[in-house]
Amino acid sequence: MDDLSLLSDFSLFLKEKKSEGVKIIAYLAHDNIPEELLDAAGFFPLRLMFGGNDDLMDASHDFLPPSTCAFAQSCIGLFSTKPNIFRFLELVDYFIVSNHCVSDVCVSEIISKYFNISRLNFYVPYTKNESSLKYFKLELLDLKNKLEDIIGTELSDEKLLESINKYNQFKKILLEVNELEMIGSEKLKIIHKAMLYGPEFLPDLENIIQNAKDNPPPISDTFKDVIITGCSIFINDNMVDLIEEGGGNIVFFDTWIGNHYYSQIIDDNSLTSEKEPLDLLVLKFKNNVYGDHSVPNFLELKVSQIENYYQDYTKTKGKKLGVINHIIKFCDHISLMSSFLKDRLQKKGIQVLNLERDYSRANRGQLSTRIEAYLEMMK
Amino acid sequence: MSLIADEIIQFSSVLRIAYNLLAGRNYLKRKKFREKEKLVAVTLPFSDLAFAADTIPVFPIRMHQFEINQYLTYLGSASSIFGWNTVSNFLGFVRNLGIEEVSKIVDEIIEDVIDVINKKYNEMYDIGIENGISSDFCYGLKSLVGMHVSKGSNVDACLNVTIRCSAYNKYLESLKAINQGPKQIWIDIPPRNIGNAIELLTDNVSNAIKDFEDLTGKTVTDNQLRDHFKIGNQVKRSYKNIIYDISSSDFYPCNPATFSEIMALLSITYQDYNSNATRYRDNIVSLEKEMRERIRKGIGMDVSDRPRIFVTPMFGGWEPKSHEIIYELGGRALYADWELLKLLEEIPTSPDSNPAEEYARFLMNATETGIGCDNDKLTDSYLRIAKDLNADGMVFFQLFGCHSVSNCYTMLREKVRSELEIPTTAITFNKIGESIDQMKTRLGAFMEMFK
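One numbering rule holds for all chains: residues counted from 1, following each sequence as written. Chains carry letters from A onward and ligands carry numbers from 1 onward, assigned in written order. Only residues with pLDDT of 70 or above have their local features reported here, since the model is predicted, and side-chain atom pairs are shown and tallied only from 80 upward, although totals for entire chains, interfaces and linings are computed over all residues.

### Section: the overall build of chain A
The helix count covers DSSP runs of H or I at least four residues long, the strand count covers runs of E at least two residues long, and both are numbered beginning at the N terminus. From N to C terminus, chain A includes 16 helices and eight strands. Atoms counted for the radius of gyration: C-alpha only. Globule rule: 2.2 Å times residue count to the power 0.38. Computed over the C-alpha atoms, the radius of gyration of chain A is 20 Å, within 12% of the 21 Å expected from 2.2 N^0.38 for a compact globule of 379 residues. Across its three principal axes, chain A shows a C-alpha extent of roughly 60 × 50 × 40 Å. Long-range pairs, those at least 24 residues apart, make up 71% of the contacts in chain A with a sequence separation of at least 6. Here contacts are defined at the residue level, using C-beta atoms placed from the backbone and a cut-off of 7 Å between them.

### A few points about the pairing of strand β5 (residues 224-230) of chain A
Residue and element names in this part refer to chain A. Note on burial: count the other C-beta atoms lying within 10 Å of the residue's C-beta; 20 or more is buried, 12 or fewer is exposed, in between is partly exposed, and C-beta positions come from the backbone. Counted residue by residue, β5 has five buried out of seven residues, so it is predominantly covered. Looking down the strands as they point away from the viewer, one classifies a crossover as right-handed if the path from the first strand across the helix to the second runs clockwise. For the crossover that starts at β5, traverses helix α10 (residues 239-245) and ends in the parallel strand β6 (residues 248-254), the hand is right-handed. In this description, strands pair whenever DSSP reports at least two bridges between them. Pairing of β5 with strand β7 (residues 321-328), which is carried by six bridges, proceeds in the parallel orientation. Bridging from a neighbouring strand, glycine 230 pairs with histidine 326 of β7.

### Observations concerning the domain arrangement of chain A
Residues and elements named next belong to chain A. Residue ranges assigned to the domains are those given by an automatic or database domain assignment. Split into domains, chain A comes out as domain 1 (3-165) and domain 2 (168-377). On a C-alpha basis, the centroid separation for the pair domain 1 and domain 2 is 22 Å. In this complex, domain 1 contributes 42 residues to the contact, which on the side of domain 2 involves 43 residues. Within the residue set of the side of domain 1 that touches domain 2, elements represented by two or more residues are α1 (3-19), β2 (43-48), α3 (54-59), α4 (70-81), α6 (130-151) and α7 (157-175). Residue type decides the class: Asp, Glu, Lys and Arg count as charged, Ala, Val, Leu, Ile, Met, Phe, Trp, Tyr, Cys and Pro as nonpolar, and the leftover types, Gly among them, as polar. Class assignment of the residues belonging to the side of domain 1 that touches domain 2 gives a composition of 23 nonpolar, 11 polar and eight charged.

### Concerning the pairing of strand β4 (residues 183-187) of chain B
Residue and element names in this part refer to chain B. Where strand β3 (residues 157-161) lies against β4, five bridges are found, and the strand directions are parallel. Residue pairing for β4: leucine 159 is matched across the bridge by isoleucine 185. In this view, the connection linking β3 to its parallel neighbour β4 by way of helix α9 (residues 166-178) has right-handed handedness.

### Details of the interface of chain A and chain B
The interface of chain A with chain B comprises 38 residues on the first partner and 42 residues on the second. Elements that contribute at least two residues to the side of chain A that touches chain B include exactly α5 (102-114), α6, α14 (298-317) and α15 (332-347) of chain A.

### Topic: α5(A)
Residues and elements named next belong to chain A. When the terminal C-alpha atoms of α5 are compared, their 18 Å separation across 13 residues agrees well with the 18 Å that a helix rising 1.5 Å per residue should span. The buried count for α5 comes to 11 of 13 residues, which makes it a mostly enclosed element. Among the residues of α5, Val102, Ser103, Asp104, Val105, Cys106, Val107, Ser108, Glu109, Ile110, Ile111 and Ser112 are the ones counted as buried. Directly beyond the C-terminal end of α5, a positive phi value near 50° is found at asparagine 116. A helix is expected to span 1.5 Å multiplied by its residue count minus one.

This is the structure we're talking about:
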């Protein structure tokens, strides 16, 4: 299934939801939005996880200068131009303004204000100490209260716990995708679809995973295996194709759209404990230590995570592994840390390609050349 | 520049502030090596805890050696023997005698102060890029990275206060990768004042105080905090008086370009009080007095026919020539960034108050109603100040690579048009001195609207 048919099917799915009276809450795709809370209150959480192009970026310049994150620009472009395959964005009832980065705040605020979509706030602290975890709970409570105001009824702990369990189970299964012997582009399609549809995709997901385990699709021996870290590869983005055309195969998606999402699993002991459901969501936030939003230990944790994966992979597979740090142009978090990340990993003998790009067609050739040169070096 | 210099000589307090800014390196070396004091790097006006903990806050650029005009060096040396007022009066006297050579020297001194600071900022910018920060970031961040790469290893700690700008917060995290030595002291400000957020922020402030105690081995008492807040409050009072009573009035104690120059100097130095709060307080209080005295005597300039142009933001980088150009085009440039961001609010110091909590309230107030957790609030801050200053127009510096403040311009322009009905224009900025001709053209067209 290509991206166009995925979006077309999803459009029908969303219309059906809407006709059932389900309201839709959209947000930028970051990894700290408590979708369980939205689900428990009967809303459909719509993660904006769509790549951009020249037209979408250009369309955002009425609102923001071009020196804004290309993904953020494209999100505005989607609402501003509403291309046919994205008409489902007209179905959005609420938009969450959050602060994963300051572009998240600006873009969400612009979408809400200029495209007349009711706004909900959900802000995330930068550090992860005792106070900030307590603050995170305040934000959860605030969002819960706002959702209850909208639905006109109190959201029970049972209902929330049910959603937490549902998403937890979904992520456990999705996590298995990491281990599948499958070419990266195929993995990414599964991840995209799963994260777009949410737990309703679970039965299909289980089948796909089982099929892939039973009949592993052949992968050429000539491919060089790589991890992708940094910014996500979103739906409708050709980055994965460029890497595969250059001879690379992504074996691990260490990004929002990937491991950052489905590794956020709450352990069974905590789930069965007497903890309040909101505390479980706080725990999930606390454990999301590899997310790029946090300071001050993101760099150390990220280096050690990649190093561990690298060591484990090379030991078990006996193959070299590259690291592509994907930087969407003007991304604050990934760009600022990129030179430090590369230096530290290279000191440990891990070769890193800092690959910066926006969504313009013009740089495709240059990106291909850089990817090919990097993979060539891995020989 | 001679007109500007001509005026500044009358303000000995300005010479003192400029000298203390440029001669910071020697002062800091003395503090660190002879007096064994701890140096703490600060950025933005968040130096209060460092002062209260008896450490020496420093905006890192001040650890550099500046090419101080040799005559300013002599003045500095002379002032330590005769006192600044005597030196300033002497210069004024000699100047009035019409001794050309001395006049030239004084002109050069003032011109040098401004040029030297700007050159050093640009040097830091280049060092930042050479050392790996992407050129896509704003001028302020690139310069800050340059400052830490070049001099950050000299400090004992960095005081890191999170704000709404994600690039800034990540830059703060990167400091320990740039220099492993300094202790990193963090204050995370919750983005919104909901629930018991003040209590949580108070805990964060208290933890930072504990970190300072670990750094110095000395206890920080409530009274030390209050005593510093009292000094800080006096600084803020004078700064606000200069902004509201003087900069928005129709008679200036000097020509408007000089006035803007002084405001720019205050904006830079307010971040670390030139590493000495008492000295800075004395200087700014005396600056206010000197200004009022001149106005009382009718010395200065009637500026009632000059439109008030609010120029902002400048704290992350701006073109310092802008106020001169605006002056030449018949206007006057007003600077008030710290007031806009609510960083000139006084902190209560009553004996029964909890100073950590009061400081938390100060930070939260700045976050909520000054800097703002979103652009709606931030743009309201611009409107508030433009109204309070009776601004006739607004020039907005849109920094290349700034994703926080610069991104609010579309919303700001709409609000200014609908609520204030004054002209506004945006000027893109990347590096000091890079596009002055373009800026002149733009400002020329903008100032035409007032004729």
